[in-house]
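# Inside the fold
Here's the letter readout for the chains.
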Protein chains: 2
Amino acid sequence: MSHFVLHPQLQQDSELVIELTLCEVRLINDAHYPWLILVPKVADIQDVIDLSEVQQQTLWQESALVSRALKHLFTADKLNIAALGNMVPQLHLHHIVRFKHDISWPKPIWGQVPAKAYIDADKITLINRIRTEIELRKNP
Amino acid sequence: MSHFVLHPQLQQDSELVIELTLCEVRLINDAHYPWLILVPKVADIQDVIDLSEVQQQTLWQESALVSRALKHLFTADKLNIAALGNMVPQLHLHHIVRFKHDISWPKPIWGQVPAKAYIDADKITLINRIRTEIELRKNP
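No experiment lies behind these values; they were computed from the predicted model shown. (Residues numbered from 1 in each chain as written. Chains lettered and ligands numbered in written order. Predicted model: local features only at pLDDT ≥ 70, side-chain atom pairs only at ≥ 80, totals over all residues. Heavy atoms only, no water.)

## A few points about the sheet that holds strand β3 (residues 35-40) of chain A
What counts here: In this description, strands pair whenever DSSP reports at least two bridges between them. Here a helix means four or more residues in a row that DSSP labels H or I, a strand means two or more in a row labelled E, and each is numbered from the N terminus. The angle between two axes is taken between their N-to-C directions and runs from 0 to 180 degrees, where each axis is a line fitted to C-alpha atoms and a helix contributes only its stretch in contact. In this analysis, two residues are considered to be in contact whenever any of their non-hydrogen atoms come within 4.5 Å of each other.
If you walk across this open sheet you meet the 10 strands as β1(A)-β2(A)-β3(A)-β5(A)-β4(A)-β4(B)-β5(B)-β3(B)-β2(B)-β1(B), and the pairing is antiparallel. The outermost strands of the open sheet, each flanked by one partner alone, are β1 (14-19) of chain A together with β1 (14-19) of chain B. Each neighbouring strand pair of the sheet contributes to a mean axis angle of 25°, computed without reference to strand direction. Judged from the 5 bridges that link them, strand β4 (residues 78-83) of chain B and strand β5 (residues 93-98) of chain B form a sheet pairing that is antiparallel. Across the sheet, Lys78(B) pairs through a bridge with Arg98(B), a residue of β5(B). Against the sheet, helix α3 (residues 120-138) of chain A touches β1, β2 (23-28) and β3 of chain A, its axis set at about 25° to β1(A). Relative to β5(B), helix α2 (residues 53-73) of chain B is tilted by about 20°, and along the sheet it contacts β2 (23-28), β3 (35-40), β4 and β5 of chain B.

So, in C-alpha coordinates, the structure goes:
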(Lines give C-alpha, C1' and ligand atoms only; values in the text may rest on other atoms or scores of the structure.)
Protein backbone atom coordinates (compact mmCIF):
# COMPACT_ATOMS: atom_id res chain seq x y z
CA MET A 1 0.00 0.00 0.00
CA SER A 2 1.43 3.33 -1.00
CA HIS A 3 1.76 6.38 1.19
CA PHE A 4 -0.44 9.48 0.89
CA VAL A 5 1.25 12.31 -0.98
CA LEU A 6 -0.64 15.47 -1.84
CA HIS A 7 -1.05 15.86 -5.60
CA PRO A 8 1.42 18.50 -6.88
CA GLN A 9 -1.36 20.49 -8.57
CA LEU A 10 -3.30 20.77 -5.28
CA GLN A 11 -0.06 21.65 -3.50
CA GLN A 12 0.54 24.46 -5.97
CA ASP A 13 -3.02 25.83 -5.94
CA SER A 14 -3.69 25.80 -2.20
CA GLU A 15 -2.28 26.33 1.27
CA LEU A 16 -2.82 24.31 4.45
CA VAL A 17 -5.41 25.70 6.88
CA ILE A 18 -5.68 22.82 9.36
CA GLU A 19 -5.12 19.09 9.66
CA LEU A 20 -8.20 17.15 10.73
CA THR A 21 -8.32 13.43 11.57
CA LEU A 22 -8.96 12.33 8.00
CA CYS A 23 -8.46 15.39 5.85
CA GLU A 24 -6.12 18.24 5.15
CA VAL A 25 -8.21 21.40 4.89
CA ARG A 26 -6.62 23.77 2.37
CA LEU A 27 -7.43 27.24 1.04
CA ILE A 28 -7.43 27.65 -2.74
CA ASN A 29 -5.47 30.71 -3.77
CA ASP A 30 -8.39 32.49 -5.44
CA ALA A 31 -9.61 35.69 -3.81
CA HIS A 32 -12.85 35.65 -5.84
CA TYR A 33 -14.47 33.34 -3.26
CA PRO A 34 -13.62 31.75 0.09
CA TRP A 35 -12.81 28.31 -1.34
CA LEU A 36 -11.55 25.36 0.67
CA ILE A 37 -10.75 21.80 -0.31
CA LEU A 38 -10.78 18.77 1.97
CA VAL A 39 -8.24 16.15 0.94
CA PRO A 40 -8.44 12.77 2.70
CA LYS A 41 -4.94 11.71 3.70
CA VAL A 42 -5.34 8.26 2.18
CA ALA A 43 -3.33 7.02 -0.81
CA ASP A 44 -4.85 6.01 -4.13
CA ILE A 45 -8.38 7.33 -3.55
CA GLN A 46 -10.32 8.85 -6.44
CA ASP A 47 -13.99 8.60 -5.52
CA VAL A 48 -15.73 9.00 -2.18
CA ILE A 49 -16.82 5.35 -2.29
CA ASP A 50 -13.20 4.24 -2.58
CA LEU A 51 -12.89 5.20 1.10
CA SER A 52 -13.94 2.71 3.79
CA GLU A 53 -17.37 3.26 5.36
CA VAL A 54 -15.79 4.65 8.52
CA GLN A 55 -13.61 7.00 6.49
CA GLN A 56 -16.66 8.16 4.52
CA GLN A 57 -18.47 8.98 7.77
CA THR A 58 -15.45 10.94 8.97
CA LEU A 59 -15.20 12.76 5.63
CA TRP A 60 -18.80 13.96 5.87
CA GLN A 61 -18.43 14.92 9.53
CA GLU A 62 -15.38 16.98 8.63
CA SER A 63 -17.26 18.45 5.67
CA ALA A 64 -20.11 19.49 7.99
CA LEU A 65 -17.62 20.99 10.46
CA VAL A 66 -15.99 23.05 7.72
CA SER A 67 -19.39 24.03 6.30
CA ARG A 68 -20.61 25.30 9.68
CA ALA A 69 -17.40 27.28 10.16
CA LEU A 70 -17.71 28.87 6.71
CA LYS A 71 -21.41 29.60 7.21
CA HIS A 72 -20.60 31.32 10.49
CA LEU A 73 -17.68 33.36 9.14
CA PHE A 74 -19.31 34.57 5.93
CA THR A 75 -22.84 35.68 5.20
CA ALA A 76 -23.05 33.26 2.30
CA ASP A 77 -25.92 33.03 -0.12
CA LYS A 78 -25.01 29.40 -0.86
CA LEU A 79 -22.39 26.83 -0.12
CA ASN A 80 -21.25 24.77 -3.11
CA ILE A 81 -19.87 21.32 -2.27
CA ALA A 82 -18.40 19.12 -4.96
CA ALA A 83 -16.14 16.16 -5.65
CA LEU A 84 -15.23 16.39 -9.32
CA GLY A 85 -11.65 15.33 -9.94
CA ASN A 86 -11.70 15.15 -13.71
CA MET A 87 -8.47 17.14 -13.89
CA VAL A 88 -6.77 16.12 -10.62
CA PRO A 89 -7.83 12.55 -9.87
CA GLN A 90 -6.82 12.57 -6.17
CA LEU A 91 -10.06 12.90 -4.18
CA HIS A 92 -10.62 16.46 -2.99
CA LEU A 93 -13.90 17.90 -1.83
CA HIS A 94 -14.56 21.52 -2.76
CA HIS A 95 -16.36 23.85 -0.31
CA ILE A 96 -17.01 27.20 -1.92
CA VAL A 97 -18.78 30.12 -0.29
CA ARG A 98 -20.99 31.79 -2.89
CA PHE A 99 -22.49 35.25 -2.94
CA LYS A 100 -25.11 36.68 -5.26
CA HIS A 101 -22.62 39.45 -5.99
CA ASP A 102 -19.65 37.17 -6.75
CA ILE A 103 -18.06 37.26 -10.18
CA SER A 104 -19.45 33.91 -11.38
CA TRP A 105 -22.90 33.88 -9.73
CA PRO A 106 -25.13 31.93 -10.36
CA LYS A 107 -22.89 29.66 -12.41
CA PRO A 108 -20.63 27.01 -10.91
CA ILE A 109 -17.19 28.58 -10.54
CA TRP A 110 -15.11 26.16 -12.58
CA GLY A 111 -13.95 27.54 -15.91
CA GLN A 112 -15.61 30.94 -15.44
CA VAL A 113 -12.79 33.36 -14.68
CA PRO A 114 -9.08 32.92 -13.99
CA ALA A 115 -8.12 32.69 -10.33
CA LYS A 116 -7.15 35.96 -8.65
CA ALA A 117 -4.27 35.37 -6.23
CA TYR A 118 -4.60 36.73 -2.69
CA ILE A 119 -2.34 39.44 -1.38
CA ASP A 120 -0.12 37.51 1.07
CA ALA A 121 -1.21 39.42 4.18
CA ASP A 122 -4.89 38.89 3.32
CA LYS A 123 -4.33 35.19 2.77
CA ILE A 124 -2.59 34.75 6.12
CA THR A 125 -5.36 36.65 7.91
CA LEU A 126 -8.06 34.59 6.21
CA ILE A 127 -6.34 31.27 6.93
CA ASN A 128 -5.99 32.22 10.59
CA ARG A 129 -9.67 33.21 10.84
CA ILE A 130 -10.84 29.97 9.26
CA ARG A 131 -8.45 27.81 11.30
CA THR A 132 -9.60 29.46 14.54
CA GLU A 133 -13.26 28.99 13.65
CA ILE A 134 -12.76 25.30 12.81
CA GLU A 135 -10.74 24.73 16.00
CA LEU A 136 -13.50 26.34 18.08
CA ARG A 137 -16.17 24.12 16.56
CA LYS A 138 -14.01 21.00 16.77
CA ASN A 139 -13.60 21.42 20.52
CA PRO A 140 -16.76 23.16 21.69
CA MET B 1 -43.45 23.28 9.35
CA SER B 2 -44.17 23.10 5.66
CA HIS B 3 -44.50 19.97 3.59
CA PHE B 4 -41.89 18.77 1.09
CA VAL B 5 -42.80 19.62 -2.49
CA LEU B 6 -40.35 18.92 -5.31
CA HIS B 7 -39.16 22.17 -6.92
CA PRO B 8 -40.95 22.66 -10.28
CA GLN B 9 -37.65 23.05 -12.15
CA LEU B 10 -36.39 19.69 -10.85
CA GLN B 11 -39.77 18.16 -11.67
CA GLN B 12 -39.47 19.42 -15.22
CA ASP B 13 -35.85 18.39 -15.75
CA SER B 14 -35.95 14.90 -14.27
CA GLU B 15 -37.92 11.70 -13.80
CA LEU B 16 -38.30 9.49 -10.72
CA VAL B 17 -36.07 6.40 -10.62
CA ILE B 18 -36.69 5.20 -7.07
CA GLU B 19 -37.79 6.44 -3.65
CA LEU B 20 -35.28 5.78 -0.88
CA THR B 21 -35.83 6.42 2.82
CA LEU B 22 -34.66 10.03 2.71
CA CYS B 23 -34.31 10.89 -0.97
CA GLU B 24 -36.05 10.74 -4.28
CA VAL B 25 -33.54 9.49 -6.85
CA ARG B 26 -34.27 11.10 -10.22
CA LEU B 27 -32.75 10.87 -13.71
CA ILE B 28 -31.96 14.18 -15.40
CA ASN B 29 -33.24 14.20 -18.97
CA ASP B 30 -29.84 14.67 -20.61
CA ALA B 31 -28.56 11.79 -22.71
CA HIS B 32 -25.02 13.22 -22.74
CA TYR B 33 -24.26 11.54 -19.40
CA PRO B 34 -25.95 9.19 -16.92
CA TRP B 35 -26.92 11.92 -14.45
CA LEU B 36 -28.93 11.39 -11.28
CA ILE B 37 -30.00 13.76 -8.55
CA LEU B 38 -30.83 12.83 -4.97
CA VAL B 39 -33.44 15.12 -3.44
CA PRO B 40 -34.05 14.78 0.31
CA LYS B 41 -37.79 14.75 0.95
CA VAL B 42 -37.55 17.41 3.64
CA ALA B 43 -39.08 20.87 3.32
CA ASP B 44 -37.07 24.10 3.37
CA ILE B 45 -33.59 22.59 3.05
CA GLN B 46 -30.93 24.38 1.02
CA ASP B 47 -27.58 23.15 2.31
CA VAL B 48 -26.49 19.72 3.48
CA ILE B 49 -25.89 21.07 6.98
CA ASP B 50 -29.51 22.23 7.17
CA LEU B 51 -30.42 18.55 7.55
CA SER B 52 -30.26 16.91 10.99
CA GLU B 53 -27.17 14.80 11.72
CA VAL B 54 -29.13 11.59 11.25
CA GLN B 55 -30.55 12.84 7.94
CA GLN B 56 -27.04 13.79 6.80
CA GLN B 57 -25.83 10.26 7.57
CA THR B 58 -28.72 8.81 5.59
CA LEU B 59 -28.06 11.20 2.71
CA TRP B 60 -24.46 10.05 2.40
CA GLN B 61 -25.41 6.38 2.76
CA GLU B 62 -27.91 6.82 -0.06
CA SER B 63 -25.30 8.72 -2.07
CA ALA B 64 -22.85 5.81 -1.63
CA LEU B 65 -25.57 3.31 -2.63
CA VAL B 66 -26.33 5.25 -5.81
CA SER B 67 -22.61 5.72 -6.52
CA ARG B 68 -21.93 1.99 -6.24
CA ALA B 69 -24.87 1.22 -8.53
CA LEU B 70 -23.67 3.71 -11.14
CA LYS B 71 -20.09 2.48 -10.89
CA HIS B 72 -21.28 -1.08 -11.46
CA LEU B 73 -23.57 -0.23 -14.39
CA PHE B 74 -21.21 2.01 -16.30
CA THR B 75 -17.47 1.81 -16.85
CA ALA B 76 -17.02 5.34 -15.64
CA ASP B 77 -13.79 7.26 -15.72
CA LYS B 78 -15.03 9.45 -12.86
CA LEU B 79 -18.06 10.11 -10.76
CA ASN B 80 -18.85 13.79 -10.16
CA ILE B 81 -20.80 14.51 -7.00
CA ALA B 82 -22.01 18.03 -6.22
CA ALA B 83 -24.47 20.08 -4.21
CA LEU B 84 -24.57 23.48 -5.91
CA GLY B 85 -28.09 24.92 -5.85
CA ASN B 86 -27.30 28.44 -7.03
CA MET B 87 -30.15 28.26 -9.55
CA VAL B 88 -32.57 25.89 -7.79
CA PRO B 89 -32.18 26.43 -4.06
CA GLN B 90 -33.89 23.18 -2.98
CA LEU B 91 -31.09 20.80 -1.93
CA HIS B 92 -30.30 18.28 -4.64
CA LEU B 93 -27.16 16.22 -4.90
CA HIS B 94 -25.86 15.59 -8.41
CA HIS B 95 -24.27 12.23 -9.31
CA ILE B 96 -22.88 12.33 -12.81
CA VAL B 97 -21.08 9.50 -14.55
CA ARG B 98 -18.21 10.94 -16.55
CA PHE B 99 -16.28 9.44 -19.42
CA LYS B 100 -13.09 10.66 -21.03
CA HIS B 101 -14.98 10.61 -24.32
CA ASP B 102 -18.03 12.57 -23.10
CA ILE B 103 -18.88 15.89 -24.73
CA SER B 104 -17.73 18.09 -21.81
CA TRP B 105 -14.72 16.14 -20.50
CA PRO B 106 -12.69 17.14 -18.51
CA LYS B 107 -14.76 20.19 -17.60
CA PRO B 108 -17.62 20.15 -15.11
CA ILE B 109 -20.83 19.65 -17.10
CA TRP B 110 -22.75 22.73 -16.02
CA GLY B 111 -23.03 25.40 -18.68
CA GLN B 112 -21.06 23.44 -21.29
CA VAL B 113 -23.62 22.18 -23.80
CA PRO B 114 -27.43 22.22 -23.89
CA ALA B 115 -29.11 19.08 -22.57
CA LYS B 116 -29.94 16.43 -25.15
CA ALA B 117 -33.30 14.82 -24.33
CA TYR B 118 -33.49 11.01 -24.25
CA ILE B 119 -35.58 9.07 -26.72
CA ASP B 120 -38.48 7.87 -24.54
CA ALA B 121 -37.78 4.16 -24.95
CA ASP B 122 -34.10 4.66 -24.04
CA LYS B 123 -35.04 6.65 -20.97
CA ILE B 124 -37.44 3.99 -19.73
CA THR B 125 -34.85 1.25 -20.26
CA LEU B 126 -32.18 3.24 -18.45
CA ILE B 127 -34.44 4.09 -15.51
CA ASN B 128 -35.37 0.42 -15.15
CA ARG B 129 -31.71 -0.67 -15.23
CA ILE B 130 -30.70 1.87 -12.61
CA ARG B 131 -33.71 1.14 -10.38
CA THR B 132 -33.00 -2.61 -10.50
CA GLU B 133 -29.33 -2.08 -9.65
CA ILE B 134 -30.15 0.17 -6.70
CA GLU B 135 -32.83 -2.27 -5.43
CA LEU B 136 -30.35 -5.16 -5.61
CA ARG B 137 -27.74 -3.27 -3.60
CA LYS B 138 -30.30 -1.96 -1.12
CA ASN B 139 -31.40 -5.50 -0.24
CA PRO B 140 -28.34 -7.66 -0.78
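## Here's the deal with the pairing of β1(B)
Residue and element names in this part refer to chain B. In terms of strand pairing, β1 meets β2 through 5 bridges, oriented antiparallel. Each residue of the ladder has a partner; that of Ser14, found in β2, is Ile28. Between the antiparallel neighbours β1 and β2 lie 3 residues.

## Focus on the relation of the copies chain A and chain B
As a reminder of what qualifies: A residue counts toward the fit only if its pLDDT is at least 70 in both copies, and the copies are then superposed by least squares on the C-alpha atoms of those residues.
Mapping chain A onto chain B calls for a rotation angle of 180° and an axial translation of 0.0 Å; the resulting RMSD is 0.0 Å. Expressed as an axis order, the relation between the two copies is that of a two-fold axis. Considering only C-alpha atoms, the part of chain A nearest the rotation axis is Ala82(A), at 2.0 Å. The fraction of interface residues of chain A whose copies in chain B are also interface residues reaches 100%, indicating that both copies meet through the same surface.

## Quick notes on the environment of Val48(A)
By the element assignment, Val48(A) lies in the loop between β3 and α2 (53-73). In this structure, the C-alpha to C-alpha distance between Val48(A) and Leu91(A), residues 43 residues apart in sequence, is 7.2 Å.

## Some words on the nonpolar core
Put simply, the test is: Nonpolar cores were defined as sets of buried Ala, Val, Leu, Ile, Met, Phe, Trp, Tyr and Cys residues, with membership established by side-chain atoms within 4.5 Å. Note on classification: 1.4 Å probe, protein chains only; a residue is buried when its accessible area is under 20% of the maximum for its type, exposed when over 50%, partly exposed between these limits.
Counting 66 residues, the largest nonpolar core has Val25(A), Ile134(A), Val25(B) and Ile134(B) as its most contacted members. When neighbours within four sequence positions are excluded, Ile134(A) is seen to be in contact with Ile18(A), Leu20(A), Val25(A), Leu65(A), Val66(A) and Ala69(A). By size, the runner-up hydrophobic cluster in this structure holds 28 residues, among which are Phe4(A), Ile37(A), Trp35(B) and Leu84(B).

## Thoughts on the environment of Leu10(A)
Residues and elements named next belong to chain A. Assignment of secondary structure puts Leu10 in helix α1 (residues 8-13). According to the relative accessible area criterion, Leu10 is buried, its value standing at 4%. Residues Leu10 and His32 lie 22 residues apart in sequence; the distance between their C-alpha atoms is 18 Å. Beyond its immediate chain neighbours, meaning those up to four positions away, Leu10 contacts Arg26, Ile37, Val39, Val88, Gln90 and His92.

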